[in-house]
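Tertiary structure, described
Here is what each chain is made of, one letter per residue.
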Amino acid sequence: MDKSSNPRRPSASVGGDSDRGPSPQSVKFARRTSSGRVVSLSRDDEIDLPGDYAAQNDYINYTVLMPPTPDNQPGASGGAAAAATSSGDKPDGPTTFRAPSSRFRSETQQRGRAGGGDGGDGGSDAAGKLDRRMSVLKNNNNNNKSMLLRSQTQEFDHNRWLFETKGKYGIGNAFWQDDSFDHDTGMSMQDFMDKPWKPLTRKVQVPGGVISPYRVLIVIRMIALTMFLIWRVQNPNREAMWLWGISIVCEIWFAFSWLLDILPKFNPINRAADLAALKDKFETPGPSNPTGRSDLPGMDVFISTADPDKEPPLVTANTILSILAVNYPIEKVSIYISDDGGAILTFEAMAEAVKFAEVWVPFCRKHDIEPRNPDSYFSQKMDPTKNKKRPDFVKDRRWIKREYDEFKVRINGLPEVIHKRCKMYNKNEEMQEKKLVKEKNNGVIPPDHKFEVTKATWMADGTHWPGTWFNPAPDHAKGDHAGILQIMSKVPDNDPIMGGPDEKRLDFTGIDIRLPMFAYVSREKRKCYDHNKKAGAMNALVRASAILSNGAFILNLDCDHYIYNSMAIREGMCYMMDRGGDRICYIQFPQRFEGIDPSDRYANHNTVFFDGNMRALDGLQGPVYVGTGCMFRRYALYGFPPPRANEYSGVFGQNKAPVKNMVSPQSEEEAPLTSGHPDLDLPKKFGNSTMFTESIAVAEFQGRPLADHFSVKNGRAPGALLMPRPPLDAPTAAEAIAVISCWYEDKTEWGDRIGWIYGSVTEDVVTGYRMHNRGWRSVYCITKRDAFRGTAPINLTDRLHQVLRWATGSVEIFFSRNNAILATSRLKFLQRIAYLNVGIYPFTSIFLVVYCFLPALSLFSGKFIVQSLDIHFLSYLLIITLCLVFISLLEVKWSGIGLEEWWRNEQFWVIGGTSAHLVAVIQGLLKVIAGIEISFTLTSKSTGEDEDDIYADLYVVKWTGLFIMPLFIIIMNLVALVIGFSRTVYSVIPEWSKLFGGAFFSFWVLVHMYPFAKGLMGRRGRVPTIVYVWAGLISITSSLLWIVISPPQGNADDTATLKF
């Protein structure tokens, strides 16, 4: 047992003499607490309690006496015994002890077990002490013999001595009995010899020196805003009531919008996962897992694509390769790609990817390659040999690089290969048709005969492609084709398959060469059905995967988002398998992007949202689902409530109580749970597939955490997932094709309560909201190395259209039953505020556009929003601004974002708010009120001038109607600055304060619009002609409009007046 690592103080080593040194010293020992933690107390801390209370405390004083050994001889004053006592060496033996009363005997109880008279030598000094202070020595009659047990270096061999003499260290009132089981505590010696229970994750709170001032400043700014708005209402500008009224309305809305955004940020947290603990629990040999086979649950990975023209097959293939090489038990991973377009190009590109994966995946495992996307790996500008130790790495890398280049050439040449093949087969079909006609007409083709040979699309095996053809035909067009399911990589064996020394020209000796199962899926589509776009495709994958693999968890990725960190799935699994993980519906990873311009002109990285807002939501009920990079619990996707949930009542949800009618499963057996939950809105209509319905309970059971600690609720027994997966057979494949048919969802709850939710452009946010509304919680997993990486549009037009789609979905959410105002009591108050902000933020654009025109109107009219720039207005403005600056600095501190990233986000908030958000609100209102749907499309396009420049698309100007309002705002403010300055300079009594007030806010608007103006100029500052045309029209229109509103006033003796 371990003793304190502090330097020893003089202590007694009881032997044959009773007068050797002072009384025995107390030594504190580590013990396991009721929570499973192993804790220790230093020797310097003194705790002296009566024996009646000793067993009730986490720490107890023990007297430990060293047995007589050749280095610790009784009676040898100052000799070996004293040296052993005063040294800092730690004795061998177990290091953790609990202190149940039955394990520690009093003096009278232990004397009966003592083996000799040595145990009583020190009794004269300790007779007046408590029984628990008494010590008993075990007699050792072989001390002289042990003197011979020295090594050739004349050092005493302790291990050999302990073995041959059965000696024990640490004999005293901490003596462990030979009978190893204690019926009182239900614990044995083996319990303390095992490793202590470890959590898989932990929360890392934001330092108090950062979060406390942050919260205080938020409260201060709330108070300052309230006082400022009260002062503004009580002090109107009598000279320009219209200007004052508009500004007051806008400022009240901005304060409300700021509150919706800042309140959910009160409790940001960080998290950390322990991958070593995950391996110890699930992949280390033990009593329940003798072979050390992985006990982790299954993982199904979904990739969605729709059009190979817009989503290049090479990008999708690289994503597939990164997933095939993921660091997760191979037999537990299944990969599915949903090709919603049914394109043969995507199908054959995936077949080529699987063929290349046979060498790429073992290469990654052999040399621990990161990232495992070959295009990203070979594009890195760092030294590829860094941390690589195998002597054949350079040779292997050179060979695999050549293979990848050939793979890219094959992918790029697939369209031409497929077209040539189809042309050849169609020509053969035409020749056969002519031959049949000749045979029917005695070798002559009638002159009026018309050959009707369908121009089909052919597969490599000479059969018709069942999906979409290049020349559309009935049952072979977009939105009208049969369902397709192809297993491209079979279900792997349960045992590793090691490669050989010449495995496709690479040495894969000792490397597992298996590949995970990979399936190509294209759901059936017919013209008379609503297929619900991406959400419908994902639900089809959910059903097909439940039949084929039924992984307890689902990872959802876009086709351009690849796995950048091969351990990402394991880190996410730490949260799902940890204590309380059965209440987590999904793990959201942050989105990281490549190919963004260094200055991030249009805030494409969106770090303020992903590192700020999402991290803050993690401290509440969890982050929102953002469409990709998300690991779902399959059971939660089916619409079931969590095993345990809380309800929040009160105005601010301050009263928390567990849901009373929710009963956790009573058994850990694999029993259906569809009837065990008493929730009134349980999903019931899953469709008519019995095989799918039976898979629900299995998925729920496999997704439970291990029941390896008494605090783990709703757990499963260790070793329950060691059985190999059954092989696929023809009936199973037929059932999987049946569940992806277009009619399967008829009269079911798919898209309403089950799976991805239909009815919104942003189906991702709605799907996550529904889960939180049932009481589930989610977790935000930020890994040290980015988990996934993808691409984002860097062109201004594409970026605005992306934001337009998001804002349109938010407006749809606001006008639907998914509005957070209608949420259940299981949604936390601040989480409700966050979801409410998701639906409301586009409406801020109305007030933002008006407010951006106010400086120009102020300069045109010579008035200001306040009657004068007095001390009250300036003081409030200074306090509010300083608070906002300090809040932003502290937010930058706890979120880890950069100041430039924060500023770019502020700029694009104004740009997007005055363009895409405003259009989204107009579209939403027209759709709700009049049922009219308006879509803005590109009216003029141009291509990048430099194909070698990876940022060439940044400078491409594509005119769109979204540009009109920001351009109008810029021109109005520029013209207003000129007019206002001229009026003030040439006026009889210049009012400089009003000019400065209006000019300051105009500059505020123009500085935020700078990236937009720069984007319009394109490369080298050349502004497109259409921008000049619009600028001229807007300038003339605004000038004439202002002359009509406020005509110039001439002298009193003027006889002529200007009228319109």
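Preceding this paragraph is the structure being described.
The paragraphs below set out a description of the structure included in this document. On a predicted model such as this, the values are computed, not experimentally measured, just so you know.

1. Some words on the overall build of the protein
- For the protein, the count of helices and strands is 31 helices and 24 strands.
- Pairs at least 24 apart in sequence give 78% of the contacts found in the protein among residues at least 6 apart.
- Carbon and sulfur atoms form 57% of the exposed surface of the protein, whose accessible area is close to 50200 Å².

2. Observations regarding the environment of Val219
- The topology assignment puts Val219 in helix α8 (residues 208-234).
- On the basis of relative accessible area, Val219 is assigned to the partly exposed category, the value being 38%.
- Through-space distance from the C-alpha of Val219 to that of Cys883 is 9.8 Å; in sequence the pair is 664 residues apart.

3. Focus: the sheet that holds strand β24 (residues 788-791)
- The 3 strands are arranged β17-β24-β19 in an open sheet whose pairing can be described as mixed. Strands with a single pairing partner mark the edges of an open sheet, and in this sheet they are β17 (562-563) and β19 (593-594).
- Pairing of β19 with β24 involves 2 bridges; the strand directions are parallel. Looking across to β24, one finds that Glu594 is bridged to Thr791.

4. Section: empty space enclosed by the protein
- The tally for this structure, following the rule as stated, stands at 7 cavities of 30 Å³ or more.
- When contributions to the lining of the second largest cavity are tallied by element, the ones reaching two or more residues are α24 (844-861) and α29 (992-1008).
- Classifying every residue of the lining of the second largest cavity by side-chain character gives 8 nonpolar, 2 polar and no charged.

5. Brief notes about a positive patch on the surface
- A cluster of basic residues, Lys423, Lys427, Lys434 and Lys438, forms a positive patch on the protein surface.
- Position of Lys434 among the secondary structure elements: in helix α14 (residues 393-440).

6. Notes on the side chain of Ser294
- In this structure, Ser294 sits in the loop between α10 (275-282) and β10 (299-305).
- The exposure class assigned to Ser294 is buried, which follows from its relative accessible area of 8%.
- Polar side-chain contacts of Ser294 include one of 3.4 Å to the side chain of Glu283.
- A distance of 3.3 Å separates a polar atom in the side chain of Ser294 from the backbone nitrogen of Leu296.
- If near-sequence neighbours (up to four positions away) are discounted, Ser294 is found in contact with Phe282, Glu283, Pro329, Glu331, Lys332, Leu721 and Leu722.

7. Comments concerning the packing of α24 against α29
- It is the contact of α24 with α29, at a shortest axis distance of 8 Å, that shows an interaxial angle of 145°. The hand of the α24/α29 crossing is left-handed. Residues Cys852, Pro855, Ala856, Ser858 and Leu859 of α24 form the contact with α29, whose participating residues are Leu995, Gly998, Ala999, Phe1001, Ser1002 and Val1005.
- Residue composition of the contact of α24 with α29, grouped by class: 8 nonpolar, 3 polar and no charged.

8. A few points about the nonpolar core
- The biggest cluster of nonpolar side chains holds 142 residues, and the ones touching the most others in it are Phe632, Tyr638 and Phe692.
- Counting 82 residues, the second-largest nonpolar core is a separate cluster that includes Leu324, Phe347, Ile418 and Tyr575.

9. Some words on the sheet that holds β10
- Ordered in space as β14-β15-β11-β10-β16-β20-β18-β23, the 8 strands form an open sheet in which the pairing is mixed. At either end of the open sheet lies a strand with only one pairing partner, and these are β14 (484-489) and β23 (777-780). Ignoring strand direction, the axes of neighbouring strands in this sheet form an average angle of 20°.
- In the sheet, β10 pairs with strand β11 (residues 333-339) via 7 bridges, with the strands oriented parallel. Within β11, the residue paired with Val301 across the bridge is Ile335.

10. With respect to the pairing of strand β18 (residues 584-588)
- The buried count for β18 comes to 5 of 5 residues, which makes it a mostly enclosed element.
- Bridging between β18 and β23 involves 4 bridges; their strand directions are parallel. Across the sheet, the residue bridging to Ile584 is Arg777, located in β23.
- Here 3 bridges tie β18 to strand β20 (residues 630-633), and the two strands are oriented antiparallel to one another. Of the residues in β20, the one forming a bridge with Tyr586 is Phe632.

11. Focus: the pairing of β10
- β10 sits mainly inside the fold: 7 of its 7 residues count as buried.
- Neither face of β10 is exposed, since Met299, Val301, Ile303 and Thr305 on one face and Asp300, Phe302 and Ser304 on the opposite face are all buried.
- Handedness of the crossover is the feature at issue here: the chain leaves β10, passes through helix α11 (residues 313-324), returns alongside β11, and the resulting connection is right-handed.
- Here β10 pairs with strand β16 (residues 553-558) via 6 bridges, running parallel. Bridge pairing links Asp300 to Ile554 in β16.

12. Points about helix α26 (residues 899-913)
- Spanning 15 residues, α26 covers 21 Å between terminal C-alpha atoms, matching the ideal 21 Å at 1.5 Å per step.
- What α26 keeps buried is the set Arg904, Gln907, Phe908, Val910, Ile911, Gly912 and Gly913.
- Residues of α26 that are buried in the fold lie against α22 (796-814), α24, α27 (916-929), α28 (964-986), α29 and α30 (1010-1017).

13. So, the environment of Glu571
- In this fold, Glu571 is placed in helix α16 (residues 568-576).
- Separated by 371 residues in sequence, Glu571 and Leu200 place their C-alpha atoms 9.2 Å apart.
- Leave out the neighbours within four places in its chain, and Glu571 touches Ala273, Leu275, Asn565, Cys781 and Thr783.

14. What to know about the packing of α22 against helix α23 (residues 829-840)
- Taken N-terminus to C-terminus, the directions of α22 and α23 make an angle of 115°; their axes are 7 Å apart at the nearest point. Where α22 approaches α23, its residues Ser810, Ile813 and Phe814 are matched on the opposing element by Val838, Gly839 and Ile840.

15. Describing the packing of aromatic side chains
- Tallied over the full model, the rule gives 48 aromatic pairs.
- Measuring from centroid to centroid gives 6.4 Å for Trp231 and Phe873, while their planes differ by 35°, and the two rings are tilted. In this pair, Trp231 is assigned in helix α8 and Phe873 in helix α25 (residues 871-895), connecting sequence segments 642 residues apart. An identical accessibility class is assigned to Trp231 and Phe873; each is buried.
- Ring centres 5.3 Å apart and planes at 65° place the aromatic pair Phe632 and Trp756 in the edge-to-face group. Residue Phe632 is found in strand β20, and its partner Trp756 is found in the loop between α20 (730-738) and α21 (763-773); the two are separated by 124 residues along the sequence. The pair formed by Phe632 and Trp756 is uniform in burial state, with each residue classed as buried.

16. Observations concerning the side chain of Thr767
- Within the secondary structure, Thr767 sits in helix α21.
- You can call Thr767 buried: its relative accessible area is 1%.
- Setting aside residues up to four positions removed in sequence, Thr767 forms contacts with Tyr625, Leu637, Gly755, Trp756 and Ile757.

What counts as what
Residues numbered from 1 in each chain as written. Predicted model: local features only at pLDDT ≥ 70, side-chain atom pairs only at ≥ 80, totals over all residues. Heavy atoms only, no water. Helix = DSSP H or I, 4+ residues; strand = E, 2+ residues; numbered from the N terminus. Contact = heavy atoms within 4.5 Å. Areas by Shrake-Rupley, 256 points an atom, 1.4 Å probe, with all protein chains shown as cover. Buried < 20%, exposed > 50% of the residue type's maximum accessible area, 1.4 Å probe, protein only. Pairing = 2+ DSSP bridges. 1 Å grid on protein atoms, 1.4 Å probe; cavity = no way out; pocket = protein on both sides within 12 Å on 5 of 7 lines; lining within 4 Å. Points joined across faces, edges and corners; volume = space filled by probe spheres on them. Nonpolar A, V, L, I, M, F, W, Y, C, P; charged D, E, K, R; others polar. Patch = residues over 30% accessible without salt bridge, like charges linked within 9 Å, V, L, I, M, F, W, Y side chains within 5 Å. Salt bridge = Lys/Arg side-chain N within 4 Å of Asp/Glu carboxyl O. Lys, Arg positive; Asp, Glu negative; His and termini not counted. Charge placed at Lys NZ, Arg CZ, Asp CG, Glu CD. Polar contact = N/O pair within 3.5 Å; in protein donor to acceptor, adjacent residues only side chain to side chain. Axes fitted to C-alpha atoms, helices over the stretch in contact; angles between N-to-C directions. Left-handed = near helix turned anticlockwise from the far one by under 90°. Core = buried A, V, L, I, M, F, W, Y, C linked by side-chain atoms within 4.5 Å. Right-handed = clockwise from strand over helix to strand, strands pointing away. Expected span 1.5 Å × (residues − 1). Phe/Tyr/Trp six-rings, centres within 6.5 Å; stacked < 30°, edge-to-face > 60°.

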